Amino acid sequence: QVQLVESGGGLVQAGDSLRLSCAASGLTFSSYSMGWFRQAPGKEREFVAAISWSGSSTFYADSVKGRFTISRENAKNTVYLQMNSLKPEDSAVYYCAASGRYATTDPHQYVHWGQGTQVTVSS
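These numbers were taken from a predicted model, which means no experiment stands behind them. (Residues numbered from 1 in each chain as written. Predicted model: local features only at pLDDT ≥ 70, side-chain atom pairs only at ≥ 80, totals over all residues. Heavy atoms only, no water.)

(A) Up close: the overall build of the chain. For the chain, the helix and strand inventory stands at zero helices and eleven strands. A compact globule built from 123 residues would reach a C-alpha radius of gyration of about 14 Å, and the chain, at 13 Å, matches this within 12%. For the C-alpha atoms alone, the extent of the chain along its principal axes is close to 40 × 25 × 25 Å. Counting all 123 residues of the chain, 44% fall into the buried class. (Helix = DSSP H or I, 4+ residues; strand = E, 2+ residues; numbered from the N terminus. Rg over C-alpha atoms; globule rule 2.2 N^0.38 Å. Buried < 20%, exposed > 50% of the residue type's maximum accessible area, 1.4 Å probe, protein only.)

Put into C-alpha cells, the structure is as follows:
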C-alpha cells in the first residue's frame, strides 16, 4: 500500500534550520506532484510548498518564500523541505502529500498523505 513517511522535525531556536524528508513507497513516485502542508494548534491546515513531478516547477506560500526550499530526488522516492531562518510562527505539524495531477495549493487535490512530523521553534 501507499506510504508517505516524514522525518527530520524537532525542537530548534529561532533562526535555526531544519531539513524535512518524506520517503514514499507503494506508488510511482515520478508520476506525482508533491506538496508540504502544515497545521499549528488552533489554526487550519495551510499550504507551504509544492513541486511538479519532474521538479522543474516549485511554488511557495508567501510566508515562507526566501526561507524554505522544496526539492525531490525521484531516484530515491524522496521529497525534501529545507527550512532556514525559522521563526516561532513556523511551529506546526508538517505533512507531506502526493497529487496525481499537478502541483497545487489545494489540499483536496492531494490523494495521499503522511502522518506528519512536529516542528517546534522557540523564541
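(B) Here's a closer look at the state of the cysteines. Applying the stated criterion across every chain, the model contains one disulfide. Linked covalently through their sulfurs, C22 and C96 form a disulfide whose S-S length is 2.1 Å. Taking the torsion about the sulfur-sulfur bond, which here is approximately -80°, the covalent link between C22 and C96 counts as left-handed. Of the two residues, C22 is situated in strand 3 (residues 18-25) and C96 in strand 9 (residues 92-99); the sequence distance between them amounts to 74 residues. (Disulfide = S-S within 2.5 Å.)

(C) Focus on the environment of G66. Note on placement: G66 falls in the loop between strand 6 (58-60) and strand 7 (68-73). Residue class for G66 comes out exposed when judged on its relative accessible area of 86%.

(D) Structural context of the sheet that holds strand 3. Spatially, the four strands line up as an open sheet ordered 1-3-8-7, and their pairing is antiparallel. Of all strands in the sheet, those bounded by a partner on one side alone are strand 1 (3-7) and strand 7. Ignoring which end each strand starts from, the neighbouring axes of this sheet average 15° apart. One ladder, built from six bridges, connects strand 3 with strand 8 (residues 78-83); its direction is antiparallel. When the sheet's bridge partners are listed, C22 is paired in strand 8 with V79. (Pairing = 2+ DSSP bridges. Axes fitted to C-alpha atoms, helices over the stretch in contact; angles between N-to-C directions.)

(E) Expanded view of the pattern of salt bridges. Throughout the structure, instances matching the rule amount to five salt bridges. Between E46 and R38 there is a salt bridge whose closest N-O contact spans 2.7 Å. Of the charged contacts in the structure, one is a salt bridge between D90 and R67, with a shortest N-O distance of 2.7 Å. With D90 in the loop between strand 8 and strand 9 and R67 in the loop between strand 6 and strand 7, this pair connects stretches of sequence that are 23 residues apart. Judged on exposure class, the residue D90 and its partner R67 are both buried. (Salt bridge = Lys/Arg side-chain N within 4 Å of Asp/Glu carboxyl O.)

(F) Structural view of the packing of aromatic side chains. In total, this model carries four aromatic pairs according to the counting rule given. Between F37 and F47, the aromatic rings sit 5.7 Å apart at their centres with planes inclined by 75°, giving edge-to-face as the arrangement. Here F47 lies in strand 5 (residues 46-51) and F37 lies in strand 4 (residues 33-39), a separation of ten residues in the sequence. Like F47, F37 is buried. On the numbers, 5.1 Å between centres and 50° between planes, the contact of F37 with W113 is tilted. Remark: W113 occurs in strand 10 (residues 110-113) and F37 occurs in strand 4; sequence separation between them is 76 residues. For F37, a relative accessible area of 1% gives the class buried. Through a chain of ring-to-ring contacts, three or more aromatic side chains come together here, namely F37, F47, Y110 and W113. The cationic tip of R45 hangs over the ring face of Y95; the distance from NZ or CZ to the ring centre is 4.1 Å. It is R45 that lies over the ring of W113; its NZ or CZ is 4.9 Å from the centre. (Phe/Tyr/Trp six-rings, centres within 6.5 Å; stacked < 30°, edge-to-face > 60°. Lys NZ or Arg CZ within 6 Å of the ring centre and 35° of its normal.)

Coordinates in, geometry out; function isn't part of it.
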